[in-house]
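Notes for the structure review
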Amino acid sequence: MIRLSTMAEADKYFSRIERFILPQALLDQTLQSLRAEGMYQVESIVFWAGTIDSGTATVTHLLVPKGKGVFQHPLQIRVSEEIMAALLDVLNPPELILLGQVHTHLGEAFHSHADDRYSLDTPGFLSLVVPFGGRDNVEAWKQWAFYECTGSGRFRPLGAWEITRRFVIDQNGKVSTDEIRAAN
Ligand SMILES: [Zn+2]
């Protein structure tokens with residue numbers, strides 16, 4: 001698992017996220033990026049960032065790691081600590097906080113042991129897994145596997161009812177997309 005001193009700082013912004021606002025454009029661009037980066041050959045990953053206000057998190061930024069430090073395989077995706085450092089560089093708590101990650105599996109969607117191990121270890125951090133390399137269209141987003149970090153490298157799966165209750169699609173919400181590259 002990845003431990004970063006700044007995540008202790010971030011913890012205080014993760015107090016009880018009851019609801020997530022997801023712009024439709026975020027879902028569209030997330031799926032496009034995952035497909036483009038993985039090409040149905042290897043796994044791919046993107047990160048979501050945004051704000052938290054009164055228990056509601058709004059995702060406003062899609063962060064796409066690129067180049068050196070992105071290790072893509074058919075059965076695993078991992079990014080280097082240099083990539084994570086570059087990712088943290090674009091954050092600006094509390095205005096812009098890392099809220100979650102979304103990665104593909106070429107087959108079924110579930111959180112593997114490697115996913116537990118290499119994901120951020122902040123309670124409340126979201127981890128979504130998109131099946132079949134993202135082949136299904138975006139309307140199938142509720143078929144993605146949703147997990148929430150409970151700390152200590154543990155992730156709890158969210159059931160369909162909980163996804164429906166806690167995730168709200170904003171048809172008009174705006175999203176910015178940024179590429180994340182390691183410094184060297
Ligand atoms: Zn995985």
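Here is a short report on the structure shown in this document. Treat the numbers as computed from the prediction; the structure is a model and nothing was measured. (Residues numbered from 1 in each chain as written. Predicted model: local features only at pLDDT ≥ 70, side-chain atom pairs only at ≥ 80, totals over all residues.)

Points about the overall build of the protein chain
- Summing up its helical and strand segments, the protein chain has five helices and eleven strands in all.
- A globule of 184 residues ought to have a C-alpha radius of gyration of about 16 Å, and the protein chain, at 15 Å, matches this closely.
- In terms of overall dimensions, the protein chain has a C-alpha envelope of 40 × 35 × 30 Å along the principal axes.
- For the protein chain, with 184 residues in total, the buried portion stands at 35%.
- For the protein chain, the share of sequence-separated contacts (at least 6 apart) that also reach a separation of at least 24 residues comes to 76%. (Helix = DSSP H or I, 4+ residues; strand = E, 2+ residues; numbered from the N terminus. Rg over C-alpha atoms; globule rule 2.2 N^0.38 Å. Buried ≥ 20, exposed ≤ 12 C-beta atoms within 10 Å, placed from the backbone. Contact = placed C-beta atoms within 7 Å.)

Some details on the pairing of strand β7 (residues 126–130)
- Among the five residues of β7, five are classified as buried, and the element is accordingly described as predominantly covered.
- Across the two faces of β7 the burial is the same, with Leu126, Leu128 and Val130 and Ser127 and Val129 all buried.
- By the bridge criterion, five bridges tie strand β6 (residues 97–104) to β7 in an arrangement that is parallel. Following the sheet pairing, glycine 100 is matched in β7 by leucine 126.
- Once the chain exits β6 it traverses helix α4 (residues 113–118) before rejoining the sheet at β7, and the crossover so formed is right-handed.
- Sheet topology places β7 next to strand β8 (residues 145–151); four bridges connect them, and they run antiparallel. Each residue of the ladder has a partner; that of serine 127, found in β8, is tyrosine 147. (Pairing = 2+ DSSP bridges. Right-handed = clockwise from strand over helix to strand, strands pointing away.)

Let's talk about the pairing of strand β4 (residues 70–73)
- Taken together, the four bridges between β4 and strand β5 (residues 76–79) define a ladder with antiparallel strand orientation. Across the sheet, the residue bridging to valine 70 is valine 79, located in β5.
- Here β4 folds back onto β5, and the loop between the two strands holds two residues.

Considerations on helix α2 (residues 24–38)
- Taking 1.5 Å of rise per residue, 15 residues should cover 21 Å, and α2 covers 21 Å from first to last C-alpha, within 8% of that figure.
- Considered for burial, the residues of α2 that qualify are Leu26, Leu27, Thr30, Leu31, Ser33, Leu34, Glu37 and Gly38. Along the axis of α2, the buried positions cluster into a sector of 165°, meaning they face one direction only.
- Where α2 is buried, its residues touch β1 (19–23), β2 (45–53), β3 (56–66), β4, β6 and β7. (Expected span 1.5 Å × (residues − 1). Arc of directions from axis to C-beta.)

Brief notes about the nonpolar core
- Val46, Leu63 and Leu87 are the most contacted members of the largest nonpolar core, which has 39 residues in total.
- The contact partners of leucine 63, leaving out residues within four places of it in the chain, are Val46, Phe47, Ala49, Leu87, Val90, Asp178 and Ile180. (Core = buried A, V, L, I, M, F, W, Y, C linked by C-beta atoms within 7 Å.)

Re the environment of alanine 57
- Here alanine 57 lies in strand β3.
- Between the alpha carbons of alanine 57 and phenylalanine 167 there is a distance of 9.6 Å; along the sequence they are 110 residues apart.
- Leaving out residues up to four positions away in the same chain, alanine 57 has contacts with Ile17, Phe20, Gly50, Ile52 and Leu99.

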